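Geometric and topological summary
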Amino acid sequence: MRRKIIAGNWKMNKTLSEGLALASEVVNIAQDEVPSGVSLVLCTPAIHLSQVAAILKSADRVFLGAQNMSEHESGAYTGDISADMIKSVGAGYVILGHSERREYHHETNAQLAARVKLALNKGLTPIFCCGESLATREAGEHVGFVNNQLRESLYELSAEEMSKVVIAYEPIWAIGTGVTASSDQAQEMHQSIRASLAGQFGEQVAGQVSILYGGSMKPDNAAELLAQPDVDGGLIGGASLKARDFIQIAKSY
Ligand code: PGA
């Protein structure tokens with residue numbers, strides 16, 4: 001069966017000392033309180049990764065992720081970080097294609113296809129983000145839009161590669177806005193993503209891929225979203241910055 005994952009996306013928040021304190025608090029509470037079938041992932045600023053890795057060593061179900069990665073292996077790409085660098089500090093996950101990166105850094109579906117492939121080749125688990133704007137949803141084109149993101153970034157992978165990818169559906173209108181997709185809206189999209197995966201890679205692979213929901217997930221709305229049959233976890237921004245809230249979400253399973 002597919003994994004249940006609650007991932008925290010810290011974005012550009014927390015100084016190093018604040019980040020280390022947050023990671024320690026998450027590890028301490030998670031040990032006793034998070035249900036055993038749920039994995040946590042902390043996606044910290046790149047600059048924090050190696051020191052957070054040391055804190056997570058003692059935790060069996062709290063993993064580490066980066067928030068972005070270059071499609072190039074190495075070289076003259078000032079400010080970028082490579083898959084090998086992420087691996088070398090002990091992180092196993094990387095968020096790719098977050099809508100903020102797509103918007104502010106103009107990341108394209110083709111570029112993300114290269115990043116997903118490289119991450120997998122290097123043994124990292126990509127958390128591939130997709131999701132539509134409010135205008136696209138209001139035009140009734142959200143399902144087709146997300147399907148196109150998947151097709152252009154993921155559908156050149158082999159079935160075996162695809163089974164290792166985690167997908168995060170994050171409607172842009174719900175990110176950081178306090179507006180959450182309803183559980184019906186989330187389930188509808190997650191089901192359609194899984195159906196699309198089944199069409200391309202077969203039912204078995206589609207059944208293995210964890211599809212996370214992201215967008216204003218909080219302790220008070222997590223249980224209903226996580227109860228949907230095709231919602232396999234969450235990618236949490238704002239609420240991952242408080243250990244208690246983050247763990248409370250994981251406990252909603
Ligand atoms: P949010 O962010 O939970 O603050 O809406 C989610 C995300 O962008 O990953």
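Scope of this entry: the structure provided in the associated data block. (Residues numbered from 1 in each chain as written. Predicted model: local features only at pLDDT ≥ 70, side-chain atom pairs only at ≥ 80, totals over all residues. Heavy atoms only, no water.)

Leu 40, Leu 154, Met 162, Ile 167 and Ile 193 are the most contacted members of the largest nonpolar core, which has 71 residues in total. Tallying contributions element by element places helix H1 (residues 16-33) first for this core, with seven residues. Counting twelve residues, the second largest nonpolar core, distinct from the first, contains Ile 5, Ile 127, Cys 129 and Val 166. (Core = buried A, V, L, I, M, F, W, Y, C linked by side-chain atoms within 4.5 Å. Buried < 20%, exposed > 50% of the residue type's maximum accessible area, 1.4 Å probe, protein only. Helix = DSSP H or I, 4+ residues; strand = E, 2+ residues; numbered from the N terminus.)

Moving on to unusual backbone geometry. The phi dihedral of His 106 falls on the positive side, at around 55°, and the residue is not glycine. Here His 106 falls in the exposed class, since its relative accessible area comes to 60%. Notably, Ser 216 is not glycine yet its phi reads approximately 55°, a positive angle. Relative to the helices and strands, Ser 216 resides in the loop between strand S7 (211-214) and helix H11 (219-226).

The next point concerns the site of the ligand. Around the ligand, a shell composed of 13 residues is seen, among which Lys 11, His 98, Glu 170, Gly 176 and Ser 216 lie nearest. Contact between the ligand and Gly 176: an oxygen atom at 2.7 Å from a main-chain N or O atom of the residue. (Near = heavy atom within 4 Å. Polar contact = N/O pair within 3.5 Å; in protein donor to acceptor, adjacent residues only side chain to side chain.)

What follows covers the packing of aromatic side chains. If you walk through the whole model with that rule in mind, you get three aromatic pairs. Both rings, one in Tyr 155 and one in Phe 201, keep their centres 5.2 Å apart while their planes meet at 85°; by these two values the pair is edge-to-face. One end of the pair, Tyr 155, is in the loop between helix H7 (142-154) and helix H8 (159-162); the other, Phe 201, is in helix H9 (residues 183-201), and 46 residues separate them in sequence. Each of the two residues, Tyr 155 as well as Phe 201, counts as buried. Positioned above the aromatic ring of Phe 63, the side-chain terminus of Arg 3 is 5.8 Å from the ring centre. (Phe/Tyr/Trp six-rings, centres within 6.5 Å; stacked < 30°, edge-to-face > 60°. Lys NZ or Arg CZ within 6 Å of the ring centre and 35° of its normal.)

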